[in-house]
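Residue-level listing of the chains:
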Amino acid sequence: MSGGVDSSVAAALMQREGHHVVGVTMRLWGGESDTGCCSVSDVDDARRVAQQLDIDHLVFNFSDDFQEKVVDPYVHAHATGVTPNPCIECNRSLKFSRLTERADALGFDAVVTGHHARLVRNTNGEMRVHRGGDAAKDQSYVVHMLTGRELERTLFPVGHMTKAEVRALAAELGLRTAAKPDSQDVCFIPTTGGRETFLGKRIPFHSGRVVDTEGHDVGRVDAVELVTIGQRRGIGLYKTEAKRFVVDVDTTSRTVVVGTEGDLQRTGLALHSMVWAGGSPESGRYRVQCSAHGASLPCAVEVIDGDRVQVTLDQPHRRVAPGQSAVLYDESDSYVVAGGLVSAASAWPASVGATA
Amino acid sequence: MRPEAIEAMQPFLADVYANPSGSHRFARDVRRAIDEARDAVGAVIGCKPGEVIFNGGGTEGDNTAIFGAVRRIQAMGGAATAVCSAAEHHAVLHCVEHLAPRGAGIVVGTDGGGCIDTDELADVVRRLMAEGSVPVVSVMAVNNEVGSITPLDEVARVVRAAAPNAILHTDAVQAACWLDLAPLTASVDVLSLSSHKFGGPKGCGVMFQRAGVEIEPLIFGGGQERDRRSGTHNVAGIVATAAALVATAAERATESARIAELRSELVSGLLAIGGVSATVPADRSVPGIAHLCIEGIENEALLFLLDEAGLCASAASACASGAMEPSHVLAAMGVPRELARGALRLSLGHTTTRSDVTSAVGIIGTAVARLRSHTRA
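Just so you know, these numbers come straight off a predicted model, no measurement behind them.

Caption draft 1: Looking closely at the overall build of chain B. Helices and strands together make up the secondary structure of chain B, namely 13 helices and 10 strands. Radius of gyration (C-alpha) of chain B: 22 Å, near the 21 Å computed for a compact globule of 377 residues. By principal-axis analysis of the C-alpha atoms, chain B measures approximately 70 × 55 × 35 Å. Out of the 377 residues belonging to chain B, those deemed buried represent 51%.

Caption draft 2: A look at the overall build of chain A. Each helix and strand in chain A was counted, giving eight helices and 16 strands. Relative to the 2.2 N^0.38 estimate, which gives 21 Å for 356 residues, the radius of gyration of chain A is 21 Å and therefore close to what a compact globule would have. Dimensions of chain A, computed from the C-alpha atoms along their principal axes, are close to 65 × 45 × 35 Å. Burial analysis of chain A (356 residues in total) assigns 44% to the buried set. Residue pairs in contact within chain A that sit at least 24 positions apart in sequence constitute 62% of those at least 6 positions apart.

Caption draft 3: Expanded view of unusual backbone geometry. Backbone geometry places serine 273 of chain A, a non-glycine residue, at a positive phi of 55°. Among the structural elements, serine 273 of chain A can be located in strand E11 (residues 265-276). For serine 273 of chain A, a count of 13 C-beta atoms within 10 Å puts it in the partly exposed group. A positive phi angle, near 70°, is found at aspartate 227 of chain B, a position not held by glycine. Residue position: aspartate 227 of chain B is located in the loop between strand E7 (205-209) and helix H9 (235-271).

Caption draft 4: Fine view of the pairing of strand E6 (residues 190-194) of chain B. All names here are of chain B. Of all five residues in E6, five are buried, a share of seventy percent or more. Every second residue of E6 is oriented toward a common face, with Val190, Ser192 and Ser194 on one face and Leu191 and Leu193 on the other, all of them buried. Relative to E6, strand E5 (residues 167-171) is paired through three bridges, and the arrangement is parallel. By the bridge assignment, histidine 169 is partnered in E6 with valine 190. In terms of handedness, the path from E5 via helix H8 (residues 181-187) over to E6 forms a crossover that is right-handed.

Caption draft 5: Fine view of the domain arrangement of chain A. All names here are of chain A. With domains assigned, chain A is organised as domain 1 (5-172), domain 2 (204-259) and domain 3 (263-352). Just the C-alpha atoms count here: the centres of domain 1 and domain 2 sit 37 Å apart. With five residues of domain 1 in contact, the opposing surface of domain 2 contributes five residues. Taken together, the residues of the side of domain 1 that touches domain 2 sort by class into one nonpolar, four polar and no charged.

Caption draft 6: Looking closely at the sheet that holds E11 of chain A. All names here are of chain A. Strand order in the closed barrel formed by six strands is E11-E14-E13-E12-E15-E16, and the pairing between neighbours is antiparallel. Adjacent strand axes in the sheet meet at a mean angle of 40° when their direction is disregarded. Two strands pair when backbone bridges link them, and E11 and strand E16 (residues 336-342) are joined in this way by four bridges, in the antiparallel orientation. The residue bridging leucine 271 from the neighbouring strand is valine 342, located in E16.

Caption draft 7: A look at the interface of chain B and chain A. The interface is formed by 14 residues belonging to chain B together with 13 residues belonging to chain A. Taken together, the residues of the side of chain B that touches chain A sort by class into eight nonpolar, three polar and three charged.

Caption draft 8: Just the pairing of strand E3 (residues 105-108) of chain B, in detail. Residues and elements named next belong to chain B. Bridge count for strand E2 (residues 79-85) against E3 is four bridges, and the pairing is parallel. The residue bridging serine 85 from the neighbouring strand is valine 108, located in E3. Since E2 and E3 lie parallel, the crossover through helix H5 (residues 90-99) that links them has a hand, and here it is right-handed.

Caption draft 9: Spatial organisation of the domain arrangement of chain B. Residues and elements named next belong to chain B. Assigned domains of chain B: these are domain 1 (3-247) and domain 2 (252-372). For domain 1 versus domain 2, the distance between C-alpha centres works out to 28 Å. When its residues are assigned to classes, the side of domain 1 that touches domain 2 shows seven nonpolar, 11 polar and one charged.

Caption draft 10: Geometry of the confidence of the model for chain A. All names here are of chain A. This prediction gives chain A a mean pLDDT of 91; 94% of its residues lie at or above 70. Mean pLDDT across the secondary structure elements of chain A bottoms out at helix H5 (residues 148-152), with 88, and peaks at strand E12 (residues 284-289), with 98. Overall, residues 347-356 carries pLDDT values under 50, and its contacts beyond four positions in sequence, including any with other chains, amount to 20 contacts.

Caption draft 11: Structural detail: the sheet that holds strand E1 (residues 52-55) of chain B. Residues and elements named next belong to chain B. Strand order in this open sheet of seven strands is E1-E7-E6-E5-E4-E2-E3, and the pairing throughout is mixed. A strand with exactly one partner marks an edge of an open sheet, and here the two such strands are E1 and E3. Going across the sheet, the axis of each strand differs from the next one's by a mean of 20°, ignoring polarity. In this fold helix H4 (residues 58-75) packs onto E1, E2, strand E4 (133-138), E5, E6 and E7, with an angle of close to 160° to the strand it touches most, E6.

Caption draft 12: Representation of the confidence of the model for chain B within the structure. Confidence in the prediction of chain B, expressed as mean pLDDT, is 95, and 99% of residues score 70 or more. Note on the complex model: pTM 0.89, ipTM 0.85.

Caption draft 13: Representation of the environment of arginine 167 of chain A in the model. Residues and elements named next belong to chain A. Along the polypeptide, arginine 167 turns up in helix H6 (residues 163-172). Residue arginine 167 is classed as partly exposed on the basis of its 19 C-beta neighbours within 10 Å. With 71 residues separating them in the primary sequence, arginine 167 and tyrosine 238 have C-alpha atoms 49 Å apart. If we ignore the near neighbours within four places in the chain, the residues touching arginine 167 are Val5 and Ala178.

Caption draft 14: Fine view of the packing of helix H3 (residues 25-45) of chain B against H9 of chain B. All names here are of chain B. At a minimum axis distance of 9 Å, the contact between H3 and H9 shows a crossing angle of 30°. When the axes of H3 and H9 are compared, the pair comes out roughly parallel. Between H3 and H9 lies a crossing whose hand is left-handed. Facing H3, whose interface residues are Val30, Ala33, Ile34, Ala37, Ala40, Val41 and Val44, H9 presents Val235, Ile238, Val239, Thr241, Ala242, Leu245, Val246 and Ala249.

Caption draft 15: Representation of the packing of H4 of chain B against H5 of chain B. Residues and elements named next belong to chain B. Packing of H4 against H5 brings their axes to within 8 Å, and their N-to-C directions diverge by 30°. One way to sum up the angle between H4 and H5 is to call them roughly parallel. You can see that H4 and H5 cross each other, and the crossing is right-handed. Taking contact as the criterion, the partners of Gly58, Thr59, Asp62, Asn63, Ile66, Phe67 and Val70 in H4 are, on H5, Ala91, Val92, Cys95, Val96 and Leu99. By residue class, the composition of the contact of H4 with H5 is eight nonpolar, three polar and one charged.

Caption draft 16: Spatial organisation of helix H6 (residues 118-131) of chain B. All names here are of chain B. The terminal C-alpha atoms of H6 lie 20 Å apart, and with 14 residues this matches the ideal 20 Å at 1.5 Å per residue to within 8%. Among all positions in H6, only Leu121, Val124, Val125 and Leu128 are buried. Axial view of H6: buried residues confined to an arc of 95°, hence all on one face. Summarising the geometry of H6, the exposed residues directed more than 90 degrees from the buried face are Asp119 and Ala130. Looking at the buried positions of H6, the neighbouring elements they touch are E2, E3, E4 and helix H7 (152-162). Remark: glycine 132 follows H6 within two positions and exhibits a positive phi of approximately 85°.

Each value, and the rule that gives it
Numbering of residues starts from 1 in each chain and follows the order in which that chain's sequence is written. Throughout, the order in which chains and ligands are written sets their labels, letters from A for the former and numbers from 1 for the latter. Side-chain atom pairs in this predicted model are given and counted only at pLDDT of 80 or more, local residue features only at pLDDT of at least 70, and totals for whole chains, interfaces and linings cover all residues. Secondary structure elements are taken from DSSP: a helix is a run of H or I of four residues or more, a strand is a run of E of two residues or more, and numbering for both begins at the N terminus. All radius of gyration figures rest on C-alpha atoms, and the globule criterion is 2.2 Å times the number of residues raised to 0.38. Buried residues are those with 20 or more other C-beta atoms within 10 Å of their own C-beta, exposed residues have 12 or fewer, and partly exposed residues lie in between; C-beta atoms are placed from the backbone. Two residues qualify as being in contact provided that their C-beta atoms, derived from the backbone, are within 7 Å of each other. Note on pairing: DSSP must find at least two bridges between two strands before they are called paired. For the handedness criterion, the strands are oriented away from the viewer, and a crossover whose path from the first strand over the helix to the second runs clockwise is classed as right-handed. Start and end points for every domain follow an automatic or database-based domain assignment. Basically, the charged four are Asp, Glu, Lys and Arg, the nonpolar ten are Ala, Val, Leu, Ile, Met, Phe, Trp, Tyr, Cys and Pro, and anything else, Gly included, counts as polar. Only the stretch in contact is used when fitting a helix axis, every axis being a line fitted to C-alpha atoms; angles between N-to-C directions are given from 0 to 180 degrees. Values of pLDDT, the confidence the predictor places in each residue, fall between 0 and 100. Working definition: roughly parallel below 35 degrees, roughly antiparallel above 145 degrees, roughly perpendicular at 65 to 115 degrees, and oblique for all remaining angles. Here a crossing is called left-handed whenever its near helix is offset anticlockwise from the far helix by less than a right angle, and right-handed whenever the offset is clockwise. By this rule, a helix spans an expected 1.5 Å times one less than how many residues it contains. To obtain the arc, one takes the directions from the helix axis to the C-beta atoms.

This is the structure in structure tokens:
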């Protein structure tokens, strides 16, 4: 129970079905910021909803694991020019790993969340993560990593509902979180100061040269660690020109390469750390989604080994920053086939400071 | 709460409702109840009634003692530094840590038994004296988490030898049920008590402030408690506090013996589980606290299973979210993180029976076995 309306309704639905439900909020980050999900005020909301439902509410302190599995890697990634998605790592290592292990140890049968995704058994009897009932709120992308045993012990009771239906049900049940806005921010980054202040306290920033696709110096940035691929603003150009985008970042040589929107277009996408829903990698035609709310794109996927694949998009698309998650769906765009991380390996010409 | 305390406070909840600060008959009647409460408390803790201050609890007393002593010295144009050990209750520790960035707070180490390192304390106090800063030293009489008893007379001797003008405070919140408070009061300048720890109501406490020791009040206002703690008296709370303290003191010796025996049975029963160690030896612990470290389990998970089985226990303090924090006391004592993860704190008191102890041993044994058989790969 993150303190949001989805998990509130999820708890209510399970209770309504007659299950023995215990609400749990994870204490993950207690440092500065404390906004985003699972903050202290969110814990209060979760606890009060639990009281309304007359279910026990517990708070588990997983802050050590969070620091080790989410925050430290986030910081390290920036130091090496990779753009991580910490919310996905939180799902991977905390919500559906640490928490499910704790649930097992305490004799529970399942972990229930308010994610907008559906779990459907296929014709082979295997559970698969399907897109949620509300296309605009679909969260299959962020829970794509669930496989096998985890899927058998996870439930998404609001997954088939639209957001409007969830809020309506919450209001009907008189839950205090019915109108609470969804949390969007990364929970450990303060709103004042943001990523820059957070990272600035943890890693050294290095200034870097900004070059165009031909290698000419066109600017300077104060912190190459804060530059993301696709970025348009704050890229330190000496002269303002027609639209320029960051097309590559190399923290080793401290070089940022800028180009036109056209220069950003790619058809190739290399993925690593692949997790396959079916267990074994399989080359074929799929659709790939590269951001939480982005559209999925038709592509051909070639398996390189158990850890890596090469994706070739049918149509060029803006380059995705290394470190971001890419999720493969079946051709009908219904369910998750696999997911992985975008590699730093790029096809950029070596003459302008390519990444490794 | 003790029945004596509940009974004592009843009239003041409904019928006898006047504010004791008034001058009329009804106020005088209530005033008398407070004066009698004050006398009774003074008699138990071994001080003059005028040295007793009723307040909102141990946390308030700790804050008043530390900030009040430091501020008073600073207001007189001097320098002062608050000193405490790393194992203190947060009501003391956070005060000292708050002063530290301004150079007015120092946290000293703890020995393996949970008590302040007296050598380090002596060094710090001597250094402060040499620098011209008055030490305001706060040392708890009994550690609330692990139950260790501080040799307070020894600490007082060390501090006074190094700094005759030091202000010495003790948080005696966990001592009231188990130790004679009079010798503690005699060794220090200021002492804090919390009513709910000896069967009185929550949100009430007592502070002893030795005559002649100057402390700036934390709360200003109408001048109650001889200007030392303003605010309308919590009459029912004060009367209940005194009744609870008197009742506790009257049976302290017999209760301590009874509880010590139950604690001994509890601890041996738990040690027999295997992979369990007592954090503080019995002869250095108060009877009312049994703290153990259990290998191979996570105490957060254990507490859940115990709760399900009807046993309410704790491990360390909780943060604002309600989640358990890693124990700063165990960290100060040098207990390795892995072992501290399996810490369990059980408290025994005037309602504890032998059958409670037997049940507890059984419930804990079952829960520990279950968690150990389910260890993470």
